[in-house]
Amino acid sequence: MTQHNILVLNCGSSSLKFAVINPESGHELISGLAERLDDPQASISWKIGSNKSSLLLPDASHQSASDRIFQLLGDLNLEQEISAIGHRVVHGGELFKQSTLIDSTVIDAIRQCQNLAPLHNPANLIGIEVAIERYPHLPQVAVFDTSFHQDMPKQAFLYAIPYTLYQQHAIRRYGFHGTSYRFVSQQAIEILNLDPAQNSLLCAHLGNGSSAAAILNGKSVDTTMGLTPLEGLVMGTRSGNVDPNLYDFLAEQCGYTLQQTSHMLNKESGLLGISGLSNDMRTLEQAESEGNEQAKMAIEIFVFTLAKQLAGLATSLGRLDALVFTGGIGENSARIRSAVVERLAILGLFLDPLKNSNNGADNNGVISKPDSPTVLVINTNEELMIAMDTHSITNTSSTITPSH
Ligand code: ADP
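Owing to the predicted nature of the structure, the values given are computational and were not obtained by experimental measurement.

Reading the values: rules and limits
Residues numbered from 1 in each chain as written. Predicted model: local features only at pLDDT ≥ 70, side-chain atom pairs only at ≥ 80, totals over all residues. Heavy atoms only, no water. Core = buried A, V, L, I, M, F, W, Y, C linked by side-chain atoms within 4.5 Å. Buried < 20%, exposed > 50% of the residue type's maximum accessible area, 1.4 Å probe, protein only. Helix = DSSP H or I, 4+ residues; strand = E, 2+ residues; numbered from the N terminus. Contact = heavy atoms within 4.5 Å. Pairing = 2+ DSSP bridges. Axes fitted to C-alpha atoms, helices over the stretch in contact; angles between N-to-C directions.

Asker: Give me the nonpolar core: which residues, what numbers.
Answerer: Judged by nonpolar contacts, the single largest core of 37 residues is most densely connected at Leu 202, Phe 302, Leu 310, Leu 323 and Val 340. When residues of this core are traced back to their parent elements, those giving at least two are β9 (200–206), β10 (210–216), α10 (281–289), α11 (293–313), β12 (322–326), α13 (334–343) and β13 (374–377). At 9 residues, the largest contribution of residues to this core is made by α11. The residues contacting Leu 310, other than those within four sequence positions of it, are Leu 202, Ala 212, Leu 323, Val 340 and Leu 344. Listed in part, the 29 residues of the second largest apolar core include Ala 19, Ile 189, Ile 378 and Ile 393.

Okay, structure coming up:
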């Protein structure tokens, strides 16, 4: 019997997520995470059905963690179940407009995009290289976070800086979370029985990293993240939009180096920076309910910024079929969804408090009142989207080469 299960690898800067998924049923044979790589506390945990296991792998590198994962798949007799491997790649620059069968030209092209995502693409490449070494006989596919946004019009992706910087250095807005947006927008179209050629959605992916996108007729027409995933919304530890002159100001007034400002904006800002307490929304909601004023302020700024940018994104859509919430916060926080939608009454949006309070569980994810454009909660599944892409590309064995 031919097996169509896909091994999905998502190699982050200090973590490696993996799963073996049936792309047709969505069934996960195993899923797991190696984290804190290159740290004495490195560990790996995995789940098969409801059985969870974990072990410590002190100081494990990406390479040794992958070796352990491959060994685990072998021990569980899962290796022979795998027909192809799908890799998450963060930045495809302008070279990749869709998911792509990996060959040496593609690997070189991903390497070319490295300067655009110095924290992510090198780790993604390690994942690709170790998988090719271990499974040279299996086809491998790269699925890019950026590719879904490659259809954005120039007005949405160009910065108002000298055009030569775009021409010579590809400095532009790229957008991220594209795999998640593709998954949830397809789900929304199915759930609401929308015409795939004529629909109009706002989607908010709210996790540790957060962004939002306007999706018209299945294509991204605007999004909040930019050249890097720092632009846009307030996030767990990322500031989102700030005045770019902050770099000069902090250098001149406080003696900050470029690296110190970057570190502050990426790692010490956002919910953590404002609250001084945590980057985690659950912790902040709990603290707010106990009267912590800074947690309350962090949540208010998160909500205000999100509503403001969603309203801005709506200007790219002629009408609104649905607003979709996804990601850990979007899927689980009735408090945040309610506060955001309250600020979006100008778009005609109104929530049903009861449906919102149980995350739309009994209503196919729908949490809005009948006379409002639909507001939906959809659980994202980037791993399944990667498995589906990998399956469809390797099944038709079409080699899609990067476009230039
Ligand atoms: P990542 O971007 O790392 O994939 P997730 O999508 O898992 O992140 O989202 C993590 C965020 O979701 C955290 O801020 C977490 O507190 C938040 N979250 C998860 N469950 C809840 C909940 N029940 N209520 C509020 N926030 C939640």
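Asker: If you had to explain the sheet that holds strand β11 (residues 219–223) to someone new, which residues and values would you point to?
Answerer: If you walk across this open sheet you meet the 5 strands as β11-β10-β9-β12-β13, and the pairing is mixed. For this open sheet the edge positions go to β11 and β13, each flanked by a neighbour on one side alone. Pairs of neighbouring strands in the sheet enclose a mean axial angle of 25 degrees, with direction left out of account. In this fold α13 packs onto β12 and β13, with an angle of close to 150 degrees to the strand it touches most, β12.

Asker: For α13, give the residues involved together with the corresponding values.
Answerer: Considered for burial, the residues of α13 that qualify are Ile 336, Arg 337, Ala 339, Val 340 and Val 341. Buried residues along α13 sit against α10, α11, β12, α12 (327–332), α14 (353–357) and β13.

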